[in-house]
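A closer look at the structure
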Amino acid sequence: MAPSVVVATTLLYLAAPNPTNPWSKGYRVHRGRIHVPIEAAVRPTTLPADQFEIRIQSQVVNTETDLWRVPLEATAGYGVSDDVEIGIRLLRLRLTSAQDSDTGGLIPPSVFVKTRGVIERLEVGAFADLELPLEGFKAFDFGAFSRFHLGQVARIDLGFRIGLRYDEDQTTWPVQMPTELLINLSPFVAIAGGMRVEWFDIAEVDLISVRPTGRLLYVIGDCSQSPLWQLEAFVEGNPTRQPDPWVRTYDIEQLSVGLRLVMFFDDPSNSSVHETKF
């Protein structure tokens, strides 16, 4: 009898979900009001259902002609379901130096939608972003993204974004391909590094630029109380580029440093605690 009991117990243990692995099928976790994990490496590409996010960021950039620009942006997102997120970039303000040829001031808001699918540890999805035509149609972006989770320690993000910029005398199709590796040093601290391949216009495919990027993330709070705060410092390095043709044609943004504050909220009508099944 004893050997059969041992065998049965072993089989039941192997069949049961691993309580320490959130990627095991059937895994259950006791969650607080905030459904977004503290570890950035585990977070999904879209907000969970009934979750809100407010994102405020500003940065200082200089251009090829050593002029400076300070864009300021405030974004709000909402998880319609675990796989669909909608949002609006409400405040878009750009300050520029007096000698800068770029136009500063308020930019019309834009609305966006993101959707994803999950294949074990891999997430794949698509998005669309439309600038509201308050002064006529000016900009539209769409693209695809993917995220591969390496447990609770790291994640890899890949993306593709193509846009349409309409002006009275020119129409361009800018393209970006960002790549990033994020590593959690602790549940509350993470670092990320990557690069972004850019074309100012897909028609000028030979004028390609590669820009290095880096981030430092620090999380404040816990999942039992709303909001969960995240503070980020980020930097974007000087782009590598083909020199003469691009410099004569475009005003290139160079080194950029900035801060980003992200706040995650739960729908106040939800109960304070519940159990979620993956």
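These numbers come from a predicted model, not from an experiment. (Residues numbered from 1 in each chain as written. Predicted model: local features only at pLDDT ≥ 70, side-chain atom pairs only at ≥ 80, totals over all residues. Heavy atoms only, no water.)

**Structural notes on the side chain of Thr46**
When you line up the elements, Thr46 lands in the loop between strand S1 (28-31) and strand S2 (51-63). Within the structure, Thr46 has its side chain in polar contact with the backbone oxygen of Asp82 (distance 2.9 Å). (Helix = DSSP H or I, 4+ residues; strand = E, 2+ residues; numbered from the N terminus. Polar contact = N/O pair within 3.5 Å; in protein donor to acceptor, adjacent residues only side chain to side chain.)

**Some details on the pairing of strand S9 (residues 154-166)**
Relative to S9, strand S8 (residues 139-150) is paired through 12 bridges, and the arrangement is antiparallel. Directly across from Leu150, in S9, lies its bridge partner Ala154. Counted along the chain from S8 to the antiparallel partner S9, the turn is three residues long, and its residue Gly151 has a positive phi close to 65 degrees. Judged from the seven bridges that link them, S9 and strand S11 (residues 175-186) form a sheet pairing that is antiparallel. When the bridges of S11 are listed, Leu158 appears paired with Thr179. (Pairing = 2+ DSSP bridges.)

**Regarding the side chain of Thr45**
With respect to the helices, strands and loops of the structure, Thr45 is situated in the loop between S1 and S2. Using a relative accessible area of 11% as the deciding quantity, one classes Thr45 as buried. (Buried < 20%, exposed > 50% of the residue type's maximum accessible area, 1.4 Å probe, protein only.)

**Let's talk about the packing of aromatic side chains**
Evaluated as defined, the whole model comprises two aromatic pairs. With centroids separated by 4.7 Å and ring planes inclined at 40 degrees, the aromatic side chains of Phe52 and Tyr78 adopt a geometry described as tilted. Taken together, the positions of Phe52 in strand S2 and Tyr78 in strand S3 (residues 68-81) put the pair 26 residues apart, joining distant regions of the chain. On the basis of relative accessible area, Phe52 is assigned to the partly exposed category, the value being 32%. Given a relative accessible area of 24%, Tyr78 falls into the partly exposed group. When the ring of Phe140 is compared with that of Phe142, the centres are 5.7 Å apart and the planes differ by 35 degrees; the resulting orientation is tilted. On the accessibility criterion, Phe140 (27% relative accessible area) is partly exposed. Cation over ring: Arg260 sits above Phe234, and NZ or CZ is 4.4 Å from the ring centre. (Phe/Tyr/Trp six-rings, centres within 6.5 Å; stacked < 30°, edge-to-face > 60°. Lys NZ or Arg CZ within 6 Å of the ring centre and 35° of its normal.)

**Some points on the pairing of strand S12 (residues 189-199)**
Taken together, the 11 bridges between S11 and S12 define a ladder with antiparallel strand orientation. Across the sheet, residue Thr179 finds its bridge partner in S12, namely Met195. The turn joining S11 and S12, which pair antiparallel and follow one another in sequence, is formed by two residues. The pairing of S12 with strand S13 (residues 209-220) spans 10 bridges and is antiparallel. Bridge pairing in S13 places Ala192 opposite Arg215.

**A closer look at the confidence of the model for the protein chain**
Per-residue confidence for the protein chain averages 80 on the pLDDT scale, and 76% of its residues sit at or above 70. Considering only residues more than four positions removed or in separate chains, one finds that residues 5-30, a stretch of pLDDT under 50, has 33 contacts. In the predicted structure, residues 243-249 sits below a pLDDT of 50 and forms 11 contacts with residues beyond four places in sequence or in another chain. (pLDDT = per-residue confidence, 0-100. Contact = heavy atoms within 4.5 Å.)

**As for the pattern of salt bridges**
Counted under the stated rule, the structure contains 18 salt bridges. Note that Asp141 is salt-bridged to Arg165, the shortest N-O span being 3.1 Å. Placement of the pair is Asp141 in strand S8 and Arg165 in strand S9, with a sequence separation of 24 residues. For Asp141, a relative accessible area of 6% puts it in the buried group. Arg196 is the salt-bridge partner of Glu198, the closest N and O atoms lying 2.9 Å from each other. Arg196 matches Glu198 in its accessibility class, with the two residues each being buried. Several salt bridges share partner residues, and in doing so they unite Glu180, Arg215, Glu232 and Arg260 into one network. (Salt bridge = Lys/Arg side-chain N within 4 Å of Asp/Glu carboxyl O.)

**A word on the environment of Val153**
Looking at the secondary structure, you find Val153 in the loop between S8 and S9. When the C-alpha atoms of Val153 and Glu39 are compared, they prove to be 8.0 Å apart, with 114 residues separating the residues in sequence. Setting aside residues no more than four positions away along its own chain, Val153 makes contact with Ala41, Leu182, Ile183 and Asn184.

**A look at a nonpolar patch on the surface**
Among the surface-exposed residues, Phe148, Leu150, Val153, Ile156, Leu158, Leu181, Ile183, Leu185, Ile191 and Leu216 lie close enough to one another that they form a single nonpolar patch of about 810 Å² accessible area. Elements supplying a minimum of two residues to the nonpolar patch: S8, S9 and S11. The leading source of residues in the nonpolar patch is S11, at three residues. You can call Leu158 partly exposed: its relative accessible area is 44%. (Patch = residues over 30% accessible without salt bridge, like charges linked within 9 Å, V, L, I, M, F, W, Y side chains within 5 Å. Areas by Shrake-Rupley, 256 points an atom, 1.4 Å probe, with all protein chains shown as cover.)

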